[in-house]
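Structural overview
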Amino acid sequence: MADAAKDLASGTIGGAAQIIVGHPFDTIKVKLQSQPASTPGQPPRYTGAIDAVKQTVAAEGPKGLYKGMGAPLATVAALNAVLFTVRGQMEGLLRSDLGVPLTISQQFVCGAGAGFAVSLLACPTELVKCRLQAQSALACASTTSSVVAAVKYGGPMDVARHVLRSEGGARGLFKGLFPTFAREIPGNATMFATYEAFKRFLAGGSDTSSLGQGSLIMAGGVAGASFWGVVYPADVVKSVLQVDDYKNPKYKGSMDAFRKILKAEGVKGLYKGFGPAMARSVFANAACFLAYEMTRSSLG
């Protein structure tokens, strides 16, 4: 089996594991990110991650934590095929000789290239997911003129149809592309470099082939945490843009959203939902890298 095909298969399995483990954390993150700022004297919709979990389960049952999972799960093959295949092909281009490990700097470059490529698929998928995850919180704070908040989506395809019909066609599905680039390129560059560096630290050298599952889980968790530690404000901006009202937008673009969040809520506004995101990154990326490595190893 060719290396690209192995990366495709391994990336698909790893991505599925990542979504299944991490989606409930992601749902809470998006709810916290997209809740409207509270008026003076009034408490916010959610006081924190635990409160968001309690309210979601009370209103929608445990399945509410998995709302919007269909979109990323349905596209996991394409997303992870791009991410791991582009990374693998770039490794081949940068490797000086067959079997020679890349430097950490070269792994950083490979991750950046993979992040750029995957952004083009991730943006519309994230838009659909965020709309489904945030609609209950937005509906509670909506006015009759709020189109996005008033719409009740029946599922991922319903979101896509609505955007294509009412929000500028295919262009509407790429709302938030700039902050998606700002998240995926440096985030994946840091994540893949950190993953390889931590594996080498645990192995005591560049040969990491003898590492066990526990070490791979640990390296994957640390790598996932490094992703969000670098790019979290970009993710907040992406989320608020993607759930913003199309006809009566609150934000004119990425920089406008950044400035308005900073002015209204301070720096902490750019880190809403950071706790669930970090928890998700540790567990979900640990599962992703473990599944990827085990599948890749089994394929030779």
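What you see is a predicted model; the values in this text were computed from it and never measured. (Residues numbered from 1 in each chain as written. Predicted model: local features only at pLDDT ≥ 70, side-chain atom pairs only at ≥ 80, totals over all residues. Heavy atoms only, no water.)

1. So, the overall build of the protein chain
- On a plain count of helices and strands, the protein chain comes out with eleven helices and zero strands.
- Secondary structure elements of the protein chain occur, N-terminal to C-terminal, as α-α-α-α-α-α-α-α-α-α-α.
- Scaling as 2.2 N^0.38, a compact globule of 300 residues should have a C-alpha radius of gyration of about 19 Å, and the protein chain matches this with 20 Å.
- Along the first, second and third principal axes, the C-alpha set of the protein chain runs to 60 × 35 × 35 Å.
- Evaluated residue by residue, the protein chain yields a buried proportion of 51% over its 300 residues.
- Once local pairs closer than 6 in sequence are excluded, the contacts in the protein chain between residues at least 24 apart make up 77%. (Helix = DSSP H or I, 4+ residues; strand = E, 2+ residues; numbered from the N terminus. Rg over C-alpha atoms; globule rule 2.2 N^0.38 Å. Buried < 20%, exposed > 50% of the residue type's maximum accessible area, 1.4 Å probe, protein only. Contact = heavy atoms within 4.5 Å.)

2. Some thoughts on the side chain of glutamate 293
- Positionally, glutamate 293 belongs in helix α11 (residues 274-298).
- Of the polar contacts made by the side chain of glutamate 293, one reaches the side chain of lysine 199; its length is 2.9 Å.
- In contact with glutamate 293, not counting residues within four places along its chain, are Tyr195, Lys199 and Leu216. (Polar contact = N/O pair within 3.5 Å; in protein donor to acceptor, adjacent residues only side chain to side chain.)

3. As for the packing of aromatic side chains
- Scanning the model with the defined rule gives twelve aromatic pairs in all.
- Judged by centre distance (5.7 Å) and plane angle (70 degrees), the rings of tryptophan 228 and tyrosine 232 are edge-to-face. Of this pair, tryptophan 228 and tyrosine 232 both sit in helix α9 (residues 213-242), four residues apart, which is roughly one turn of that helix. Pair check on accessibility: tryptophan 228 and tyrosine 232 agree, each one buried.
- Seen from their ring centres, tyrosine 232 and phenylalanine 274 are 5.2 Å apart, and the 80 degrees between their planes marks the pair as edge-to-face. Taken together, the positions of tyrosine 232 in helix α9 and phenylalanine 274 in helix α11 put the pair 42 residues apart, joining distant regions of the chain.
- On the basis of relative accessibility, which here comes to 28%, the residue phenylalanine 274 falls in the partly exposed class. (Phe/Tyr/Trp six-rings, centres within 6.5 Å; stacked < 30°, edge-to-face > 60°.)

4. Things to note about the packing of helix α8 (residues 177-203) against α11
- The contact between α8 and α11 brings their axes to 13 Å, and the two run at 70 degrees. The angle between α8 and α11 falls in the class roughly perpendicular. In this structure, α8 meets α11 at a crossing whose hand is right-handed. Seen from α8, the contacting residues are Met191, Phe192, Tyr195 and Lys199; seen from α11, they are Asn285, Phe289 and Glu293. (Axes fitted to C-alpha atoms, helices over the stretch in contact; angles between N-to-C directions. Parallel < 35°, antiparallel > 145°, perpendicular 65-115°, else oblique. Left-handed = near helix turned anticlockwise from the far one by under 90°.)

5. Observations concerning the confidence of the model for the protein chain
- The predicted model of the protein chain has a mean per-residue pLDDT of 87, with 94% of residues at 70 or higher.
- Looking at the elements of the protein chain, mean pLDDT is at its lowest for helix α6 (residues 147-150), recorded as 47, and at its highest for α8, recorded as 96.
- Note on residues 143-149: pLDDT is under 50 here. Beyond four places in sequence and across chains, it has 17 contacts. (pLDDT = per-residue confidence, 0-100.)

6. Quick word on the pattern of salt bridges
- Per the counting criterion, the structure on display carries 20 salt bridges.
- The residue arginine 87 makes a salt bridge to glutamate 196 at a minimum N-O spacing of 3.2 Å. Taken together, the residues arginine 87 in helix α4 (residues 76-94) and glutamate 196 in helix α8 connect sequence positions 109 residues apart. Across this residue pair, the class does not change: arginine 87 and glutamate 196 are buried.
- A salt bridge links aspartate 235 to arginine 183, with the nearest nitrogen and oxygen atoms 2.7 Å apart. Residue aspartate 235 is located in helix α9, and its partner arginine 183 is located in helix α8; the two are separated by 52 residues in the primary sequence. Side by side, aspartate 235 and arginine 183 carry an identical accessibility label, which is buried. (Salt bridge = Lys/Arg side-chain N within 4 Å of Asp/Glu carboxyl O.)

7. Points about helix α1 (residues 3-34)
- In this model α1 runs just 40 Å from its N-terminal to its C-terminal C-alpha over 32 residues, more than 12% under the 46 Å that 1.5 Å per residue would give.
- At glycine 22, α1 shows its strongest bend, of approximately 55 degrees, with the proline proline 24 following within four residues. (Expected span 1.5 Å × (residues − 1). Bend = angle between axes of the 7 residues up to and from the residue.)

8. With respect to the environment of alanine 284
- Among the structural elements, alanine 284 can be located in helix α11.
- Between the C-alpha atoms of alanine 284 and glycine 221, which are 63 residues apart in sequence, the distance is 7.6 Å.
- Residue contacts for alanine 284: discarding those within four places in its chain leaves Gln18, Val21 and Gly22.

9. Concerning a nonpolar patch on the surface
- On the surface, a nonpolar cluster with roughly 430 Å² of combined accessible area is contributed by Met255, Phe258, Leu262, Val267 and Tyr271.
- Among the secondary structure elements, valine 267 is positioned in the loop between α10 (254-265) and α11. (Patch = residues over 30% accessible without salt bridge, like charges linked within 9 Å, V, L, I, M, F, W, Y side chains within 5 Å. Areas by Shrake-Rupley, 256 points an atom, 1.4 Å probe, with all protein chains shown as cover.)

10. Structural notes on helix α2 (residues 49-60)
- Between the first and last C-alpha of α2 there are 16 Å, a value that for twelve residues agrees with the 16 Å anticipated at 1.5 Å per step.
- Within the sequence span of α2, burial applies to Ala52, Thr56 and Glu60. The arc that holds the buried residues of α2, viewed along the axis, is 30 degrees, so those residues lie on one side. Of the exposed residues in α2, those oriented more than 90 degrees away from the buried face are Ile50, Lys54 and Ala58.
- Of the residues flanking the end of α2, it is glycine 61, one or two places downstream, whose phi is positive at about 80 degrees. (Arc of directions from axis to C-beta.)

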